[in-house]
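Read off the chains here:
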Amino acid sequence: MINKGLDPRKIELVVTDMLAAYREVIKKMFPNAFHQFCIFHVLQLVNGLFKDALKEHRHKHFKEGERKEAHKIALYMLKGQEKLTAEEKEKVLDFCEKYPNVMANYALKEDFRALYALSQTEIQAIAYRDIIIENYQDKIAGTMQKALTFLTENFEYTISYLKVGMLHAKTNNDAERIMRKIERNQVIHYVFRKEESLIRHLKTRLGLIIPIAI
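Because the structure is predicted, anything quoted here is derived from the model rather than measured.

**Q** Which parts of the structure should I look at to understand the environment of Asn-135?
**A** Following the sequence through the fold, Asn-135 ends up in helix α6 (residues 122-136). Looking at Asn-135, the relative accessible area reads 34%, which means it is partly exposed. For the pair Asn-135 and Leu-108, spaced 27 residues apart in sequence, the C-alpha to C-alpha distance is 8.9 Å.

Following this line, the structure appears as structure tokens:
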């Protein structure tokens, strides 16, 4: 893109996943740009840690025959609260009241989602972060403590979209969809190098000819 005329000095924000190698590359290639971690990937990380914490809890507190029901509750908890039915919310609440450490882990996971869903400015995000750290640092341990560590160590990379006022630019989902489309087109171009091969494939898919089974 730079070779085709893109001025790297005019790039304000670059959104990537959390691969460490991107940091130095962005500093070098786009010196004036903020680096934003894709929030979808951030929440995937937190959800994965929460899932591991639930798994540890099941193996520690439940006998073999009771783990199936606990696993079902865990599936509810891994969803966003807005996606749960009233009955599912009630089951999650009962489970959390019975196991306070699970309640703290679950609340932290949901507060992570709320931080990036509700913050409209950098100041709001910082305030929300400070509340999260104060509320949870003494209530959680083990696996979910890694989520708090991530928040304190990488927070600046998760709110760059707020610094430049691009509220729509907190994920790289659009770019990944474009890349998947390009990859599919490249595969099709390679497989159907001859026009007759492409036409024969389309006729088969449309049921106009029947492929011969070998």
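After presenting the structure, the write-up continues.
**Q** Explain the packing of aromatic side chains here, please?
**A** Any aromatic ring pair is given by two values, namely how distant the centres are and how the planes are angled relative to each other. The full count for this structure, using the stated rule, is six aromatic pairs. Between Phe-95 and Tyr-99, the ring centres sit 5.1 Å apart and the planes meet at 50°, which makes this aromatic pair tilted. The rings of Phe-37, Phe-150 and Tyr-157 are connected pair by pair, giving a single aromatic cluster. Over the aromatic face of Tyr-157 sits the side chain of Arg-23, whose NZ or CZ is 4.3 Å from the ring centroid. Geometry around Phe-155 places Arg-129 over its ring, the cationic atom sitting 4.5 Å from the centre.

**Q** Would you mind showing me how to read helix α5 (residues 100-118) here?
**A** An α-helical segment advances 3.6 residues per turn. Residues three or four places apart therefore align on the same side. When the terminal C-alpha atoms of α5 are compared, their 26 Å separation across 19 residues agrees well with the 27 Å that a helix rising 1.5 Å per residue should span. For α5, the complete set of buried residues consists of Val-102, Ala-104, Asn-105, Tyr-106, Leu-108, Lys-109, Glu-110, Asp-111, Phe-112, Ala-114, Leu-115 and Tyr-116. On its buried face, α5 sits against α2 (39-61), α3 (67-78), α4 (86-98), α6, α7 (145-158) and α8 (160-163).

**Q** Can you walk me through the pairing of strand β1 (residues 13-16) in this structure?
**A** Across four bridges, the pairing between β1 and strand β2 (residues 34-37) is parallel. In the strand pairing of β2, Val-15 is matched with Gln-36. Tracing the backbone out of β1, into helix α1 (residues 21-29) and back to the parallel element β2 gives a crossover that is right-handed.

**Q** Explain α3 here, please?
**A** Between the first and last C-alpha of α3 there are 16 Å, a value that for 12 residues agrees with the 16 Å anticipated at 1.5 Å per step. Residues Ala-70, Ile-73, Ala-74, Tyr-76 and Met-77 constitute the buried set of α3. Across the axial projection of α3, the buried residues extend over an arc of 155°, all falling on one side.

Thresholds applied
In every chain, residue numbers begin from 1 and rise along the written sequence. Side-chain atom pairs in this predicted model are given and counted only at pLDDT of 80 or more, local residue features only at pLDDT of at least 70, and totals for whole chains, interfaces and linings cover all residues. Only heavy atoms go into the side-chain values, all of them from the structure, while hydrogens and water stay out. Strands are runs of DSSP state E lasting at least two residues, helices are runs of H or I lasting at least four, and both sets are numbered from the N terminus onward. Relative accessible area decides the class of each residue, using a 1.4 Å probe on protein chains only: under 20% of the type maximum gives buried, over 50% gives exposed, and in between gives partly exposed. Between the rings of Phe, Tyr and Trp (Trp by its six-membered ring), a pair exists once the centres lie within 6.5 Å; its type follows the angle of the planes, with under 30 degrees stacked, over 60 edge-to-face, and the other angles tilted. For a Lys NZ or an Arg CZ to count as sitting over a ring, it must be within 6 Å of the ring centre and within 35 degrees of the ring normal. Any helix carries an expected span of 1.5 Å times its number of residues minus one. Contact criterion: two residues are considered in contact whenever any of their non-hydrogen atoms come within 4.5 Å of each other. Paired strands, in this sense, are two strands between which DSSP finds at least two bridges. When the strands point away from the viewer and the path from the first strand over the helix to the second turns clockwise, the crossover is right-handed. Arc definition: it is the arc formed by the directions from the helix axis to the C-beta atoms.

In short, the description is geometric, and any link to function would need to be established separately.
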